[in-house]
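# Tertiary structure, described
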Amino acid sequence: MITRRSLLRSGAAAAAALAGARAARAETPGVSDTEIRIGQTMPYSGPASAYGVIGKADLAYFTMINDMGGINGRRVTLISLDDGYSPPKTVEQTRRLVEQEGVAFLFNSLGTAPCAAVRQYLNDNRIPQLFCATGASLFADPKSFPWTMGWQPNYRTEAGIFGKYIARTKPDAKVAILTQNDGFGKDYLIGLKDGLGPERVGQIVAAATYETSEPTVDSQIVTLQGSGADVFVIAATPKFAAQAIRKAYDVGWTPLRLVTDVSQSIASVMKPAGVDKAKGVVTAVYGKDPTDARWADDPGFKAYAEFIAKYMSPKDLIDSNAVYGFGATATMVQVLRQCGGDLTRENVMRQAASLKDFVLPMTLPGISINTSADNFTPIRQEQLATFDGQGWRLFGELLAG
Amino acid sequence: MPGPRLTRAIATLAVFALAVAFPFLASGYHVYQGAQVLVLAIALLGLNLLTGFNGQISLGHGAFFAIGGYGAAILTAKLGVPYLLAVPLASLVCFAAGFLFGFPALRFGGLYLALATFALAVAAPQILAWKGFDAWTGGSSGVSLVKPHAPFALPLTTDQWLYFICLVSAALLYVAARNLVASRIGRALIALRDQPIAAETMGVNAALTKTICFGISALYAGVAGALSALAVGFVSPESFGLALSLSFLVGIVVGGLASLGGALFGALFIEFVPSLADQMSGNFGEGAKALPGAVYGVLLIVAMAVMPGGAAGAVRAIMRRTVGS
C-alpha cells in the first residue's frame, strides 16, 4: 500500500518512478491493480488428453496462491483453454486469449506442434510465451525468438548429459543410438554429439531410426548389435523403449543402456520389458519421484502432498503431470514476484530470463533454476539413476547439459 | 407475398452482404474465426457433393484437406510460388489424388467405402511425418508459412485480406457446386445415389461419374486445406488428425445432407460448438473441466433431435409453413 507518508519519504524520484509504473501498468493488457490475467492452451480433449492434468495442476496452484493473498497484492487468473492438441485450434485459442480475453502473456501451453504454431504470432506481437510444456529444443532460441522459453531439460540438454557421461566414464566407448524419426529423435542425436564433443563424434558407430507406425524395432536392434557397440542410447517412446530393452537382452547384447526422460516409467517401460531384463538400465532425472518412499519425509515432497490434498484429487498424487504443473507454476510465481510492480511484458520476459538459483520443492536436491539473456533452458541439471529391478537408484553427481 | 424463389434470392443476398460487412465490424480474432468458418464451409460443400448428392460416404476428407494444406505450405515456403497460384495448384493435386483414390473406391459400396476412406484419414498424419518426405514436409516439426499481406496498399489487415480470399473462394465454389448439381452431371450423381441400376440403364457412366465426383470433392477439400494453411500460418501432422475428418461428416449431417446452403451452418456448428461445449463444461465447476466431449455429444444429439434433416431441412420446413402454404 502506498501511503502519502511513504511517498514523501522516498522523495520525488520514487514518485516519478511510481508514475512511470502506473502508466506502464495501464498499457499492459490483463494487468490491473488487483489482477494479473494470463492464458494457456491445453489438450483437455484429443489424443494427448492425459497431459490435461498439467493444466489442472497449474490452475490449482494459482488457486492456492490466490488463497494466500496473491502476488504483490494481485490475484492471478489463469484462463486455460482446450486446443485438443490441434495446431489450428491452438492458433485460434491463443488469439482469443490475446485479443479477446486480453491476457498479459501465455504460460505453460502444451505440445511441440501447438507451441510451434503460435510462436511466430506471439513473437511478432511481443507477447511472452513462457515455459512451453515440451522437451523440444526449438523453444530455447533467444536470438530468433526472444519472447519464447521452455522449462524442462530439453532433449538436447539431456542427450548432452549422456554424451558427457559416456565421454568421462567410457572414453573408448563405441556408441549405438536408436531414435524415433521425428523432432525428438533428431534433437537427441544432435545433443549426444554435442555432449561427446567433436573429437568423439566418430565413436557413434551406428544410428538407427524407427517410425511410430512400425510394429517392432527388433530388426533395428539386430543391426545395432552388429556394430559391436558397448553403449546403447535408446531415444524412444515407452512402447519402443520396452521392446528395445527386451530385444537387446534376448539377443545377448549387453551394452550400457541409456533411456530418456520420456521412457523411464516403471509401469509402461520396465515392466513390459521384464524387470530382470531391464536391470542396470540408466536414465537421467530431475524431479523427485512421488512414488519413491525415500522422499516421504522430505519437506519439498510434503509441500507437494499438502497441495495435492487440498487443491487436487488424491489420485493425482503419483501423476508425474501433476508434479510437472506444480513445478512450472511455482517457477511462474517466482517470475511474477521478481517483477514487483512492473508487470510490463518486457519486464516479465526480462525477469523470466533472470532467474538465479531458484529451487523448486520437487526437483532433486541440488538442482536449481537459472536463466539469462542467452540461456532459455531453465532446468539444465539432471542426475543419473540406474534401475535395480524395483525402482530408480540415483548415483553420481548432478550433471549439466 | 413473395414467392419462395424470391425469398431465397433475398436471403442469399442478405447473407452475402452480411459476410462482406463482417470483417469491418468485427475484431481481428473474430475475422480470423470467420475465415476458418468459410474454409470449413468449402470443405463441407465438397464432402456434400460426394456424400449428400452421390451417396458415397467418406471419412477421409481430412487427408485431402491435409494434401491441400501441405501443398500450399510447400509451394509457398519451399518453392517460392505466389500464394494466389499455390492455392489452385494444391487443389489440382488434390483433384488428381481424389480421382485416383476414386478408382479403387469404386469397388466398395456404402460402409465399406467409409472404412476405406477411414484408413486414409488414419494414415495421413503418419505419412506426413514419414522421414522420406522430411525435406519437404519438415517431418513432425511441420512447415511455417508467411501470412500474406494485402497487396496494392489496400487498407486491409492481414486477417481481413485472408478473410476476403476465403469469402471469394467460397462464393465461387458455391456457385460452381450449384451449377454442377443443377446440370446433367448433377442429375446423374443423384440418380446414381438413388437408383444406380436405373441410372446405368439410362446410359450414365457410373465409374467415370463417381470417380470425377470423388475428384471434385477432393478438390474442394484441397482448396479448403490450402486456405486454412495460409490463415493459420503453420501445418504439421497434428493439424490433420482423425478428428478433422469426423468433424466434416458431423458438419454435413448437421448442416443438411444434399444441401449446399447447409454447408455454412455445418461450418458454424463445427467451428463454434466444441468451444461452446468447453465453456459450458467449465460452468459446471472444475470437476467437469474434462467433460467438453460429453457436453459436445449432448449438444449434437439435441441438434439432431430438433433438426432431423439438418439446418437446411429445418429452414425448408419453416419456409413450407410460412411462405409455401
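An unreviewed UniProt entry lists chain B under the name Amino acid/amide ABC transporter membrane protein 2 (HAAT family), from Roseiarcus fermentans. Regarding chain B, the relevant UniProt record gives this comment under Subcellular location (unreviewed entry): "Cell membrane".

You'll find chain A entered in an unreviewed UniProt entry as Amino acid/amide ABC transporter substrate-binding protein (HAAT family), with Roseiarcus fermentans given as the organism. Heading Sequence similarities (unreviewed entry) of the UniProt record for chain A holds this comment: "Belongs to the leucine-binding protein family."

Assigned secondary structure in chain A consists of 13 helices and twelve strands. Against the compact-globule benchmark of 21 Å for 401 residues, chain A has a radius of gyration of 23 Å, which places it among compact chains. In terms of overall dimensions, chain A has a C-alpha envelope of 80 × 45 × 40 Å along the principal axes. Out of the 401 residues belonging to chain A, those deemed buried represent 49%.

A separate point is the UniProt feature "transmembrane region" (unreviewed entry) in chain B. Residue and element names in this part refer to chain B. In this numbering, the UniProt entry assigns the feature "transmembrane region" (unreviewed entry) to residues 31-50, 83-103, 110-130, 161-181, 212-234, 240-273 and 294-319. In the segment residues 110-130, helix accounts for 90% and strand for 0%; the C-alpha atoms at its two ends are 31 Å apart. Within residues 294-319, the helical portion is 88% and the strand portion 0%, while the C-alpha atoms at the span's ends are 33 Å from each other.

Time to look at the domain arrangement of chain A. Residues and elements named next belong to chain A. According to the domain assignment, chain A contains domain 1 (4-153 + 297-370) and domain 2 (155-285 + 383-400). Of the residues lining the interface, eight residues belong to domain 1; the matching set on domain 2 comes to ten residues. Across the side of domain 1 that touches domain 2, the residue classes break down as four nonpolar, four polar and no charged.

A separate point is the interface of chain B and chain A. Between chain B and chain A, the residue contacts involve 29 residues of the former and 29 residues of the latter. Per-element accounting of the side of chain B that touches chain A gives the leading share, five residues, to helix α2 (residues 28-53) of chain B. In terms of residue class, the side of chain B that touches chain A is built from nine nonpolar, 16 polar and four charged.

This part takes up unusual backbone geometry. Residues and elements named next belong to chain A. Positive phi is not limited to glycine here, since Tyr 85 has a value of about 60 degrees. With a phi angle near 55 degrees, Phe 131 is a residue other than glycine that sits in the positive phi range. On the secondary structure map, Phe 131 appears in strand β4 (residues 129-132). For Phe 131, a count of 26 C-beta atoms within 10 Å translates into the label buried.

This part covers the nonpolar core. Ala 41, Ile 42 and Ala 43 of chain B are the most contacted members of the largest nonpolar core, which has 207 residues in total. Here the element with the most residues in this core is α2 of chain B; it accounts for 16 residues. Looking at this core, you find at least three residues from each of domain 1 (4-153 + 297-370) and domain 2 (155-285 + 383-400) of chain A.

What counts and what doesn't
- Residues numbered from 1 in each chain as written.
- Chains lettered and ligands numbered in written order.
- Predicted model: local features only at pLDDT ≥ 70, side-chain atom pairs only at ≥ 80, totals over all residues.
- UniProt positions renumbered as here; feature names shortened; annotations may be inferred.
- Helix = DSSP H or I, 4+ residues; strand = E, 2+ residues; numbered from the N terminus.
- Rg over C-alpha atoms; globule rule 2.2 N^0.38 Å.
- Buried ≥ 20, exposed ≤ 12 C-beta atoms within 10 Å, placed from the backbone.
- Domains from an automatic or database assignment.
- Contact = placed C-beta atoms within 7 Å.
- Nonpolar A, V, L, I, M, F, W, Y, C, P; charged D, E, K, R; others polar.
- Core = buried A, V, L, I, M, F, W, Y, C linked by C-beta atoms within 7 Å.

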